[in-house]
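# Results of the structural survey
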Amino acid sequence: MGLKQKTLVSLIFFLGIILYITYKITVNRTYFDIISYHFKYFNESNNTINLSEQPRIFCLLLTSKKNFQTKAKVLYDVWANKCDNLRFLSLKPDELAQNITNTQSLDERYKESWLEPTGLKEDSYDKLTNKMYLSLKQIYKIDPNYDWYLKADDDTFIFIDNLRKFLSDKNSSDSVTYGYDFKVLVDNGYHSGGAGYLLSKEALKRIGSKLDENFEFCPNSGIEDVDVAKCLRNLGVYPKPSIDEQGRERFHPLSLSDHFSGNFPQWLHQYSKNPLKKAIDCCSDTSISFHYMSKEDMLKAKYSLEQINSANFTFKSFIQLFNKT
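Just so we're clear, the structure is a prediction, and the values are computed from it rather than from any experiment.

Moving on to the overall build of the protein chain. In terms of regular secondary structure, the protein chain is built from 12 helices and 11 strands. Buried positions account for 45% of the 325 residues belonging to the protein chain. Restricting the contact set of the protein chain to residue pairs at least 6 apart, pairs at least 24 apart contribute 77%.

Attention shifts here to the environment of I207. For I207, the location among the structural elements is in helix α7 (residues 201–213). When the C-alpha positions of I207 and Y133 are compared, they lie 8.6 Å apart, and in sequence the two are 74 residues distant.

This part covers the pattern of salt bridges. Once the charged atoms of two side chains with opposite charge are near each other, the side chains can pair. Throughout the structure, instances matching the rule amount to 15 salt bridges. Residue D84 pairs with R164 through a salt bridge whose shortest N-O separation is 3.1 Å. Highlighted residues: D84 in the loop between α2 (71–78) and β2 (85–89) and R164 in helix α6 (residues 160–167), separated in sequence by 80 residues. Exposure remark for D84: the relative accessible area of 34% places this residue in the partly exposed category. With relative accessibility at 12%, the residue R164 sits in the buried group. Linking K302 and E306 is a salt bridge whose minimum nitrogen-to-oxygen distance equals 2.6 Å. Of this pair, K302 and E306 both sit in helix α11 (residues 295–306), 4 residues apart, roughly one helical turn. Through salt bridges with shared partners, a single network forms among K151, D153 and E224.

Positionally, I139 belongs in helix α5 (residues 128–142). I139 sits 24 residues away from L115 along the chain, and the two C-alpha atoms are 9.8 Å apart. Contact partners of I139, with chain neighbours within four places excluded, come to F58, L60, R87, L115, P144, Y149 and L204.

Moving on: the sheet that holds strand β9 (residues 197–200). A sheet is described by the order of its strands in space; here 7 strands give the open sequence β3-β2-β1-β4-β9-β6-β10, paired in mixed fashion. Of all strands in the sheet, those with a lone pairing partner are β3 (114–115) and β10 (238–239), marking the two edges. In this structure, β2 lies alongside β3, joined through 2 bridges in parallel fashion. Of the residues in β3, the one forming a bridge with L89 is L115.

What follows concerns the pairing of β9. Neither face of β9 is left uncovered, since the one carrying Y197 and L199 and the one carrying L198 and S200 both have all their residues buried. Judged from the 4 bridges that link them, strand β4 (residues 148–153) and β9 form a sheet pairing that is antiparallel. If you follow L150 over to β9, its bridge partner there is L198. Inspection of the sheet shows strand β6 (residues 176–179) paired to β9 by 3 bridges, in the antiparallel sense.

Of all hydrophobic cores here, the largest spans 56 residues; its most connected members are L61, W79, F88, L163, L198 and F318. Here this core takes 5 residues from α2, the largest share from any one element. Those residues in contact with F318 that sit more than four places away from it in its chain are F159, L256, A301, S304, L305, I308 and F313. Grouped together as the second largest cluster of nonpolar side chains are 24 residues, L115, L128, Y197 and C231 included.

As a further point, take the layout of surface pockets. Within this model, the largest pocket holds a volume of roughly 680 Å³. Residue lining of the largest pocket: 30 residues in total, with Y125, L128, D153, E224 and H291 positioned closest to the centre. For the lining of the largest pocket, the secondary structure elements donating two or more residues are α5, β4, α8 (224–234) and α10 (266–271). It is α8 that provides the largest number of residues to the lining of the largest pocket, a total of 3 residues. Residue composition of the lining of the largest pocket, grouped by class: 12 nonpolar, 9 polar and 9 charged.

Cut-offs applied
- Residues numbered from 1 in each chain as written.
- Predicted model: local features only at pLDDT ≥ 70, side-chain atom pairs only at ≥ 80, totals over all residues.
- Heavy atoms only, no water.
- Helix = DSSP H or I, 4+ residues; strand = E, 2+ residues; numbered from the N terminus.
- Buried < 20%, exposed > 50% of the residue type's maximum accessible area, 1.4 Å probe, protein only.
- Contact = heavy atoms within 4.5 Å.
- Salt bridge = Lys/Arg side-chain N within 4 Å of Asp/Glu carboxyl O.
- Pairing = 2+ DSSP bridges.
- Core = buried A, V, L, I, M, F, W, Y, C linked by side-chain atoms within 4.5 Å.
- 1 Å grid on protein atoms, 1.4 Å probe; cavity = no way out; pocket = protein on both sides within 12 Å on 5 of 7 lines; lining within 4 Å.
- Points joined across faces, edges and corners; volume = space filled by probe spheres on them.
- Nonpolar A, V, L, I, M, F, W, Y, C, P; charged D, E, K, R; others polar.

Written out as structure tokens, the structure reads:
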């Protein structure tokens, strides 16, 4: 083979290598771009974070056994079924205790979500603190590994998607709570029980383990939200603000209609840490809760949410739909 032929062969071989490398880079980059595009599109179009990164929320729902096929069922159908895990906390409903046949059409997850806390003998309003302590103690022992624990009543409406967004940049290893802030009765204030409040994983660990070790450690006046807050302060757990960047509330201790119309009782003026606002300024575009919501209000709120793309949700668009429904 002559020199020119060898040179030509070498040149062809060299060009072949370059073309192969270029092809591999192009294919790999195209694949990466496609994957990146789909993740970007999914996140932006749905205004969500990747499932693997979503905070895992355990919902603790205070109710009573008489509400098994009424208020509690509505709560489950409207929003509570979206919790990663949940327990309705009460004495065992008669329908479940007696295995009554007319419950067969009910969602199995709903029926399995009822918990009678160990040691609960009396389920009355003046014994609410005791019920909450028994529940926190038991949930800590059986399900301590969720990121956040939401306590709510059976007349509390929760915007689960907004709740997840709010928690997406929060650290559940911090000893913190979030909720509607009252400025009285407890050092550093406390959260309204009716508006719902959040315990971090670390907060649940501290109060749950302490109650398991010494149930008498925590104060028990019967006023659940005050007592829980006092106990948490003694354990080094403190509240953090939940208002948005414009000073609007995310958690609300009254109904949607009362907050919007500015129908505030005098005690709320005295208790509230932040200035009370009404109309559009009453409530954040990332509102999380409203209290004293009737069955009709719950269903109207659910329907209104279903008509709004979550990426375009604003409180103004929500309240306009709610008032028309």
